[in-house]
Amino acid sequence: MVKGVKAMVRDRVKFLFILPPVLYILTLVVFPLGSAIITSFTNARFGSVESSFVGLRNYIAPFDDYRFYNSVYVTLFFVSVIVPIEIGLGLVLALLMNRNFKGRNILRVIFMIPLFVSPIAFALMGQVIFYEGGGGINGILKDLGLPVVRWRSHPQTAIFTVVLADVWMWTPFVFLIVLAGLQSIPKELIEAAKVDGASGIQLFRRITLPMLTPVILTVLFFRIVDTLRLFEIPFTLLGGGGPGITTETLTVYIYKAGFRGFFFGQAAAMSFIYLVLVSLIVGVLLYRVRKYYV
Amino acid sequence: MGQDLLKDKKMSRRQAVSTAAKVAVTAVVVGVGAGLGGYLAGTSTAPVREVTKTERITETVTRTITQTVTAQQPTPAPLRFDGVKVTVAALAGGARGPLSGPFYYYKDEVKKLVGMDIEVVELSFADLPIKIIADLTTKTGAYDGFVPCSNIMGDLVIPGYVHELGNWIADPRFPNWHPDKWSYAVTQCSQWGGKWYGVPWDSDAWYFNWNMKYMDKVLRDPDKRREFKDKFGYELDPYGWYKRRQLTWQKIRDMCEFFTGWDWNGDGEEDWGIIMGLRVGEQGPMWFVPFAAPFLVEYGPTVDRHHNIFWFDPETMEPLLKTEGMVAAAKLFKEIVTKYMPPEGFTFTFADKWDYFLNKEKAMFCWAAPDTATLAGNPEKSKMRGYLASIACPGSEVYYSLAEGRMVQKINIVGNASGCSWHGWVSTLSKNPEAMYWLLAYLSTPEKLVKEISASKFFWTGVDPGGLSLQVLTDYGGEATLADFGLPGNFVDPGYPNSLYEEGDLRRFHIAAYNNWFAADAIQHYLRVPGATAMYVSMDTHIIGEMCQGGISPEEALDRTYRDWNKIIDEIGREKMIRYYQEMIEYKKPNPYKPRPWLWDDRAFPKDLIFG
């Protein structure tokens, strides 16, 4: 009998160990998610004591809102421009840094510095770097007698500023992962191909790239998801997605609806639409590349 | 008992005397010990009084008695808020910050006066309203009071988050901040439906400024004046226009064009006509709203559907954004900021814009909050001390009459209360509401607000003078003296720089403040209905962002704002919003604003440069 009780206690003690993560998930994931779902069906307004059920209104309204479409377009535009640049540039840098030459280690460290800067810190720092009246970049342009660039105040240039800033921040991440992938390619393969008389381009196309594909796809996946939630640079550096709404990504628009406009119900509904959008993109991506992960 | 002792123990008389002596000595020693102990412990002990055998003991006794007398003096009555701590949320700025600074500075003084402790919670501009409202909606009650922008007033008053102050204002136990001496334009930001909910502190308004160093140089050059006349067909006479109540945005447009492209400061670069701080996400609409007011607000003796109205039709809550007056204002605003303001002005915060105007001197005009006048005297931030022209609310030569339904050709000047207008509020969740009110009232008394805080004694530039008649110089009908503003530069306080107001700058500023608050044709209402924050954000996005920077037409920008506002109104409930708006403007009641004669002082302006 006593033996049975002891076994039962021993058996159940495992639940004690999983209790902290379960509580963590319940309080910080499940509860907020549930609360957000409920909020999205109401006209809840920050500051207002009363709110009522409005059905699907908050889910339908964004599809009649040009700013919602604009923010979706801006987000997808950034993903389609930023991610290929980062992947391409990161790959080139990794290939270069995978060679043996003097100063390679120092360069590797230098290339990785942006990775350690928090996005919000960079966005704040960017206000000085991209200061149009003579900041870091325009100051140099002025000294060289070149025309200054309206980094933040002109709609077209501002888009380029976001791209530039994000590429600067995140290319090192791609570089690091791809470099690790390159270094894991067995040297024997390369050497055997060389013995067979393969050229540099053939080596890259027939061995390096195929061997790197899972790594590149992984990093591509990370960068797409990350860029879909681009927030700090357009919000902080470009004054809430400006000029106008030129750089207003979906995350910025949702934030502004909630914390500037105080319309929590609408913001919650848009968050779920955004979640569906991200899930769709990621789902399609995973489906297309599933063979590499089998 | 003595006898029994002798009998039982068979003690001789000698032994008995000896024993008695020992007992006596022991008693003395114990007494002295007790006396010393009592002395050291700071309390009186009776036995000490009886021991006076030696000089040393006597001295000890004397000192002990002295201590006793002190301790027995009547205890002072406990201070009114002894042991009470109030927590106040204010705009982040540190111990010398524009709005947080005074709370730190008066901490010790308040503690000494009423025993209250003050804790300041500093929050960023964006976080301040969110944290305050989050605290109230979740019933956390972390703040006893707060000093936010007035645009969240409806969100504070209507759900009952803040105390109505009427009883406390009437209670003589609280400091008197003279509610009757504030201008209507300022008090509207503390009142709802005619009742006080906030304690006025800051008197924000937008003023027009120019650099007299360069303006006067041009005006003294007949060739330049001729150049202006040839180009625009009339005489350049900015001082004369201001004196005669003729300075309008239409004339300013021409002056901006004329002054763009010169190199004032000799840095080899072209300078600009005007500078503003139009960074989206800051206070962008505050630049447009007072600009547009004279195109639409028409004075009337009562607040009715067609008079003293700017934001909505009070009967339907139809936004007045698509009226001809608003379209004309938006077109002119766009023209000025896109042609005659440096493009970086669209990325400027307040600080950038002041630096550009006061320190770099790269623009002739500046349209901004009143802190410009305070900052002008600070040599660390300005090269314009003594050269700042502060001008009240330029008018418009044409405005849309809601009553007549057409544009009217007449100069219309409208005073504004644009900006944050930081006022203090007492949370209904506060456990010490009286203490919180006492503190807010104390800081708004003339002794503190006029002579120290708004006088910029310590370079707190966020609390601006102007609203309170007490704050205006005696020369201009107020009750403040030049000395109240530290002239001639006599403020000295450890850790703070001297106040460096220049008399001319100060006079011009006070004339402008007076004209804005008391002498304009009409006064514009400050938008503070529930949802006002969302409405300002919408204006910021469409008018400042999309129209001025993004290139969409004024009509399109106004239409997008119009649609957003209607959405906000419908979201909250149109019927409710009509009621709230009518309460906000005190609809159908007599207009509390009565214009006074325009103020002018020849001492403050160059007489030889008035031509008309």
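Residues numbered from 1 in each chain as written. Chains lettered and ligands numbered in written order. Predicted model: local features only at pLDDT ≥ 70, side-chain atom pairs only at ≥ 80, totals over all residues.

Asks: So what exactly am I meant to see when it comes to the interface of chain B and chain A here?
Replies: Buried accessible area, meaning the area lost when the parts come together, often serves as the stated size of an interface. Listed by partner, the interface residues are 23 residues for chain B and 26 residues for chain A. Contributions of two or more residues to the side of chain B that touches chain A are made by helix H7 (127-137), helix H22 (532-550) and helix H23 (554-572) of chain B. In terms of residue class, the side of chain B that touches chain A is built from 9 nonpolar, 9 polar and 5 charged. (Contact = placed C-beta atoms within 7 Å. Helix = DSSP H or I, 4+ residues; strand = E, 2+ residues; numbered from the N terminus. Nonpolar A, V, L, I, M, F, W, Y, C, P; charged D, E, K, R; others polar.)

Asks: Help me understand the environment of Ala269(A) in this model?
Replies: Residues and elements named next belong to chain A. Within the secondary structure layout, Ala269 lies in helix H12 (residues 264-288). Placed 125 residues apart in sequence, Ala269 and Leu144 show a C-alpha to C-alpha distance of 50 Å. Discounting residues that sit within four places of it in the chain, Ala269 has contacts with Ser40, Asn58 and Tyr59.

Asks: Can you walk me through the packing of helix H7 (residues 155-183) of chain A against helix H9 (residues 200-228) of chain A in this structure?
Replies: Helix-helix packing is described using two parameters, namely the angle between the two axes and the distance between the axes. Residue and element names in this part refer to chain A. Two elements in contact, H7 and H9, have axes whose closest approach is 9 Å; the angle formed by their N-to-C orientations is 160°. Accordingly, the angle class assigned to the pair H7 and H9 is roughly antiparallel. In this structure, H7 crosses over H9, and the sense of that crossing is right-handed. Of the residues in H9, those in contact with Trp170, Val174, Ile177, Val178, Gly181 and Leu182 of H7 are Leu212, Val215, Ile216, Val219 and Arg223. Residues belonging to the contact of H7 with H9 are distributed by class as follows: 9 nonpolar, 1 polar and 1 charged. (Axes fitted to C-alpha atoms, helices over the stretch in contact; angles between N-to-C directions. Parallel < 35°, antiparallel > 145°, perpendicular 65-115°, else oblique. Left-handed = near helix turned anticlockwise from the far one by under 90°.)

Asks: Please clarify how the pairing of strand S9 (residues 363-368) of chain B should be interpreted in this entry.
Replies: Every regular strand shows the same layout, with side chains that alternate between the two sheet faces. Residues and elements named next belong to chain B. Where burial is concerned, most of S9 is hidden: 6 out of the 6 residues are buried. Where strand S7 (residues 207-211) and S9 come together, 4 bridges link them in antiparallel fashion. Its bridge partner being in S9, Asn209 is matched across the sheet by Cys366. Bridge count for strand S8 (residues 272-275) against S9 is 3 bridges, and the pairing is parallel. Each residue of the ladder has a partner; that of Ile274, found in S9, is Phe365. (Buried ≥ 20, exposed ≤ 12 C-beta atoms within 10 Å, placed from the backbone. Pairing = 2+ DSSP bridges.)

Asks: I would appreciate a short explanation of the packing of helix H3 (residues 66-97) of chain A against H9(A) in the present structure.
Replies: All names here are of chain A. Two numbers describe how H3 lies on H9: the axes approach to 9 Å, and their chain directions differ by 145°. Both H3 and H9 take part in a crossing whose hand is right-handed. Of H9, the residues touching H3 (which contributes Thr75, Phe78, Val79, Ile82, Val83, Glu86 and Ile87) are Ile216, Val219, Leu220, Arg223, Ile224, Thr227 and Leu228. Considered class by class, the residues forming the contact of H3 with H9 number 10 nonpolar, 2 polar and 2 charged.

Asks: Even after reading the chapter, I still don't get the pairing of strand S12 (residues 406-412) of chain B, so can you show me in this structure?
Replies: Residues and elements named next belong to chain B. Note that strand S11 (residues 396-401) and S12 share 5 bridges and pair antiparallel. Paired with Tyr399 across the bridge in S12 is Val408. What sits between the antiparallel neighbours S11 and S12 is a turn of 4 residues, in which Gly405 has the positive phi angle 70°.

Asks: When you look at the nonpolar core in this model, what are you seeing that I'm missing?
Replies: It is characteristic of soluble globular proteins that their nonpolar side chains tend to be buried jointly. Core analysis: the largest hydrophobic core is formed by 199 residues, its most contacted members being Val88(B), Ile274(B), Leu296(B), Met326(B), Phe365(B) and Leu439(B). Here this core gets 10 residues from one element, more than from any other, and that element is H22(B). Two domains each put at least three residues into this core: domain 2 (85-204 + 420-465) and domain 3 (207-416 + 529-572) of chain B. Beyond its immediate sequence surroundings of up to four residues, Phe365(B) is in contact with Phe208(B), Asn209(B), Trp210(B), Ile252(B), Cys256(B), Gly273(B) and Ile274(B). Ile82(A), Ala165(A), Val174(A) and Val178(A) belong to the second-largest nonpolar core, a separate cluster that totals 26 residues. (Core = buried A, V, L, I, M, F, W, Y, C linked by C-beta atoms within 7 Å. Domains from an automatic or database assignment.)

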